[in-house]
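# What the coordinates show
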Amino acid sequence: MSHYQPLGRRVVTLPFVFLGVIALIGLYFLAERFINGMGAVTNLNGGFPWGIWVVYDIVVGTALACGGYALAVTVYVFNKGKYHPLIRPALLASLLGYGLGGVGAIIDMGRWWQFYNLFLPWQMNFNSVMLEVGLCVSAYIVVLMIEFLPTVLEKFKAEALLKKLNKVLFVVIALGVLLPTMHQSSLGTMLIAMGWKVHPLWQTLHLQPLLAVLTAFTMGFSIVVFEGSLSSVGFRRKPETHLLSGLGRIIVGLIAVYLAIRFGEILVRGKLGLVFAGDLASLMFLIETALFVYPLVVLMSPRGRGNARSLLFAAVSMLLAGTLYRFNAFLITLDPGPGYSYFPALPEIMVTVGLVAIEIMVFLFVVKTFPVMPREDHAAAPNA
Amino acid sequence: MADNEFDFSAIETRLGVSRRTFLKFCTGVAASLGLGNNAAYAMAEAVADRKKRPPVIWLHGQECTGPTEALLRSEQPSLEHLILDLISLDYHQTLDAGAGHRVEEIKRHAMQEHKGKYLLVVEGAIPLAQNGIFCKIGGQTMTDATREAAEHAAAIVAYGSCASWGGVQSASPNPTGAVGAPQFLTDKTVVTIPGCPPNPANFIGTVLFFVTYGKLPPIDEKGRPKWAYGRLIHENCYRRPHFDAGRFATEFGDEGHRKGYCLYKLGCKGPETYNNCPSLEFNNVGGGVWPIGVGHPCFGCSEQGTGFHKALFSLSDVKTHTPPNTFPTIDAREGTSSATVATAAVAGVAVGAALGASAMAGRKLGNRDADQE
Amino acid sequence: MNRRDFLRASIGGAAAALASSGASARPNLTPAPEAIGMLFDSTLCVGCKACVSACKAVNGLPPTLLGDDVQYDSARDLSHETYNVIKVYTNGKPVAKDSETDGFAFEKRSCMHCVDPGCVSVCPVTALLRHPLTGIVTYDKDACIGCRTCMTGCPYNVPQFDYDNPWGMLHKCQMCNQKGVERIDKGGMTGCAEACPTGATLFGSRTALLEEAKRRMQLRPGEIYNYPRGDVRQPSSHHEKAVPHYQHHVWGEKEAGGTNVMHISSIPFDKLGMPPLGERSHVSISEGVQHTLYSYMALPAVVLGGLTWLVKRNTDDEGDDV
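For every chain, the first residue of the written sequence is number 1, and numbering continues from 1 along that sequence. Chains and ligands are labelled sequentially in the order written, the chains with letters from A and the ligands with numbers from 1. Side-chain atom pairs in this predicted model are given and counted only at pLDDT of 80 or more, local residue features only at pLDDT of at least 70, and totals for whole chains, interfaces and linings cover all residues. Note that water and hydrogens are dropped before the side-chain values are worked out from all heavy atoms of the structure.

A few words on the overall build of chain B. For the purposes of this entry, the term helix denotes a DSSP run of H or I that reaches at least four residues, the term strand denotes a run of E that reaches at least two, and both are numbered from the N terminus. The helix and strand inventory of chain B stands at 17 helices and 9 strands. In chain B, the share of contacts with a sequence separation of at least 24, taken over all contacts with a separation of at least 6, comes to 72%. Summing over all exposed atoms, chain B offers an accessible surface of approximately 17300 Å²; the carbon and sulfur share of this is 53%. The contact criterion used throughout is that any non-hydrogen atoms of two residues lie within 4.5 Å. Methods summary: accessible areas were calculated by the Shrake-Rupley approach with a probe of 1.4 Å, and residue burial reflects only the protein chains presented.

Take the pairing of strand β7 (residues 155-159) of chain B next. Residue and element names in this part refer to chain B. Partly exposed describes any residue whose relative accessible area lies between the buried limit of under 20% and the exposed limit of over 50%, with all areas from a 1.4 Å probe on protein chains only and scaled to the type maximum. Within β7, 5 of the 5 residues are buried, leaving the element largely enclosed by the surrounding structure. Neither face of β7 is open: one carries Ala-155, Val-157 and Tyr-159, the other Ile-156 and Ala-158, and all of them are buried. Only when DSSP finds a minimum of two bridges between them are two strands counted as paired. Note: β7 against strand β9 (residues 190-193), 4 bridges, orientation parallel. Across the sheet, the residue bridging to Tyr-159 is Ile-193, located in β9.

Let us now look at the interface of chain A and chain C. Each partner contributes residues to the interface: chain A has 68 residues there, and chain C has 67 residues. By buried area we mean the combined loss of accessible area, with a 1.4 Å probe, across both parts when two parts are placed together. Taking both sides of the interface into account, the surface hidden between chain A and chain C amounts to around 5900 Å²; carbon and sulfur atoms contribute 62%. What counts as a salt bridge is simple: a side-chain nitrogen of Lys or Arg found within 4 Å of a carboxyl oxygen of Asp or Glu. One can count 1 salt bridge joining chain A with chain C. Of the charged contacts in the structure, one is a salt bridge between C:Arg148 and A:Asp108, with a shortest N-O distance of 2.8 Å. Whenever a nitrogen or oxygen atom comes within 3.5 Å of another N or O atom, the pair is scored as a polar contact, on the condition that within protein one atom can donate a hydrogen and the other can accept it, and that pairs from neighbouring residues in sequence are kept only if both atoms are in side chains. At the boundary of chain A with chain C, the tally comes to 34 residue pairs in polar contact (both at pLDDT 80 or more).

For the rest of this paragraph, the subject is the nonpolar core. For the purposes of this section, nonpolar cores are sets of buried Ala, Val, Leu, Ile, Met, Phe, Trp, Tyr and Cys residues that join through side-chain atoms within 4.5 Å. A:Trp202 and A:Leu247 are the most contacted members of the largest nonpolar core, which has 159 residues in total. Sorting elements by how many residues they give to this core places helix α6 (residues 159-193) of chain A first, with 15 residues. Domain start and stop positions are those given by an automatic or database domain assignment. The residues that make up this core include at least three from each of domain 1 (14-43) and domain 2 (44-339) of chain A. The residues contacting A:Trp202, other than those within four sequence positions of it, are A:Gln208, A:Arg262, A:Ala281, A:Met284, A:Phe285, A:Glu288, A:Tyr325, A:Asn328, A:Ala329 and A:Thr333. Formed by 38 residues, the second largest nonpolar core is a distinct cluster that contains C:Leu44, C:Ile86, C:Phe203 and C:Tyr246.

This paragraph deals with the pairing of strand β12 (residues 261-264) of chain C. All names here are of chain C. Every second residue of β12 is oriented toward a common face, with Val-261 and His-263 on one face and Met-262 and Ile-264 on the other, all of them buried. Here strand β1 (residues 36-41) pairs with β12 via 4 bridges, running parallel. Bridge pairing in β12 links Leu-39 to Met-262.

Quick look at the interface of chain B and chain A now. Each partner contributes residues to the interface: chain B has 25 residues there, and chain A has 32 residues. For the pair chain B and chain A, the summed buried surface comes to about 2100 Å²; carbon and sulfur atoms form 69% of the total. Viewed at the interface, chain A and chain B are joined by 0 salt bridges. At the junction of chain B with chain A, the criterion picks out 2 residue pairs in polar contact (both at pLDDT 80 or more). Residue polarity follows a fixed list, in which Ala, Val, Leu, Ile, Met, Phe, Trp, Tyr, Cys and Pro are nonpolar, Asp, Glu, Lys and Arg are charged, and the others, Gly among them, are polar. Considering only residue class, the side of chain B that touches chain A consists of 9 nonpolar, 9 polar and 7 charged.

What follows covers the side chain of C:Thr198. Looking at where C:Thr198 falls in the secondary structure, it is placed in the loop between α5 (191-195) and β9 (201-205). Polar contacts involving the side chain of C:Thr198 include one to the main-chain carbonyl oxygen of C:Leu44, which spans 2.9 Å. The contacts of C:Thr198, once residues within four sequence positions are left out, are B:Tyr264, B:Leu315, C:Leu44, C:Cys45, C:Val46, C:Arg229 and C:His239.

The following block contains the structure:
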């Protein structure tokens, strides 16, 4: 008897239709991108070749999709089985988030019809961080699909296949821990090659991979709290606060380590003056830091952790912190030289928003038709 | 218009031109001077009135008489008549019928009689070395003659490069200490019409202006009338598009030279020489008759420090970059954008929606927890 | 998980983190054995833009129009149709050429053909390559996926993507030696160096050009020098000019490993739009980090082994699913 169930409610609700409209608008502009070129839809230029399609859809989007990664480490590496019920929804969110990243990558590719060159060994440049990101993200999407396969097989009652799959799943799960560690850190390493254009407060050179994977990992836990909280409210289920508060503890530890390394690097390299320089960069740094510190403070106390509301707000703050960290480094404080500027164009924003809308729509659909959500009794029991 | 006011028949007789030709001439000069239509009539009137002809004393120093010869070669119908009738040329060493001490006396007499009213034209350089002995006319040094004549002149015009700044004899090592009139008459305003030779129209136009309005046209810091010397040759040269597009003649007779490409690489000094040669050209024989037009680089004959100073085929300085050369600045970029209010608003809405959903969920969770406690 | 396993995992993680902090960083690349380049002397440039025209002609590029009615080629910067552009530096009342104050000077912008090219290092599909002999940085549109990482990795913002073309590609100077043009292979020189009337753009081997640049630094300002035009090793002609006050620095000798296209000028280079570069190229650092972590995939393989063992052990008790 499965611990999970489809929510079985009506898929086409008012929010779903609203999202559908947004999705259609996004798809319209996406079509324009392919017919008339990126210039017709985006504000990309010679100094800012990467805009929100790369920075949000891929860099931030995949970090937001690290729920599966975070839980895989917790449940399967550190053997904390009690978090098991949270896995399937997290996996679905991860699969969709990485799917968004993959789609974002394709639509942002200027010569997308030649994407296969990335997979031809004789074309590969093994010095390239981008190669590693591309291959690793592609591999991880396959891993996520396989990890999600049990849910699908369960729905179609393919018992024999399910049994066979479960026997080899441990390899896939191990990959599901290794691969995100690799590509999330590489997404940080990409900033090194951007050199002087990255603001000194974000150009941590050798520490880029570590800070990137650390924040992504933390965002993974935060997104589980976020998705869990919103699901329980949106689907009118019992909140899983007792489980989520445990994750809150993990988040505290990770943020503490992150801040220590971050500020350590700033102090050792003599960049503290820049933090208080009074310009846009210092303002963004202070906001970003505040967004990291808030959840640290809130989740330090058991009361803060035990309260569903403060858990949610802390998680949202951490998600915003990680998002802003990436936006700041790649876009907001990026300075390619005098005369360059970038702000996304309206169609550009609508494509991203449209893709996110599709992501949410698919999530809603799958969660209602596939056994993703844990049964209420399974999840609510604190000692399962 | 006012053409009934003065009697053209006298002019037609005196100058041997029809009224129509005469007015065309005056309109042309007025246009060259950058003046309006009314100026043409004013000039015509001034010329018609015999009483307005100023007396002119014309001195020659170290020179080849090129400027005077150029003036005489003007092909406007009966122009020499026009000139000679425009002014009362009381003393001119080349054109005077007489010669010797008698002529010198006439000069002194004229200067005395028209004290303060005559126009002094200087042609040729004034040598200063060894008390000016290197140029003497009738036993008098050029320095003395110039000083004497300049004393009571109403206006002084230096005609030609030699008189304007020293010309060919001032070329290194300048053994005679040749200088132009402005460098000698430092306490006077001297209008200079440089060129080797200058286009006579530059002289005629300036004189006509003086005759009509009783004053000199606007001049620059070197005394050159701005209407003729205000622009670099480079600015008006019709081979300029070739310069801008990088099409150059590299050798005399090569393909580029035969095609009429820019002569910059052959040492054309157009980019650092102020003159109106591309506009007026020379000899009044039609298009293309000027040095660059016939395929020889300009050598900067009218420009002090360039003509007879810089090597013929050395590259000139390019004094200024003028339109239509649109040079982008160091920080000019293609295709950059800035946020619009609408876009920023939408971005704000998207982020706001996510935050709002979280806030709402948070509130509901808070209530839920309160219920459960 | 027991304490032992936890410690093992943490130490492994810490080791990886420490290892990534600069252990086996590779040094800058060195110039190619027969490196070909150009020398741009800003003091010789008169802003005639013959090089801009020649580049467009040789590479078959259209003029960049400022508007519907303006027919002049008026590129403001490098773009998908401009591989070479002349820009002006001005200060105060720009009357004196090559004067830092109240003056103006011209600067040429085009691919620097770096010795340690950022674009080559970051490109995932080897669409950008540094020629092993000449050091020329080439682009292959058939390999390119249009990810534009090269644009982020180039310190000079040289590669330009054609955003307005749905089938667009990257564009940059390839020293007039790309397929179909092949000027250098055929024994010629770049279009810009050939067209330049003053020798401001000089062609030749990097060694010879660097020598020429240093020679000019040694001359006394005001001294007359016979400046070559064309190829510095076999000038097509010369012209005499007084030596100006140079900035005693050859840009591209050492910056981020150096460039094949070097610049000298009388204006400080930061004012001419050159980026703030040190001697170490950033891509040498990023490659060092990547190789430390992923060399031969050794570290990932070891980690995967450890993880697989852990996960199997943890799922065996439950025999459970995901």
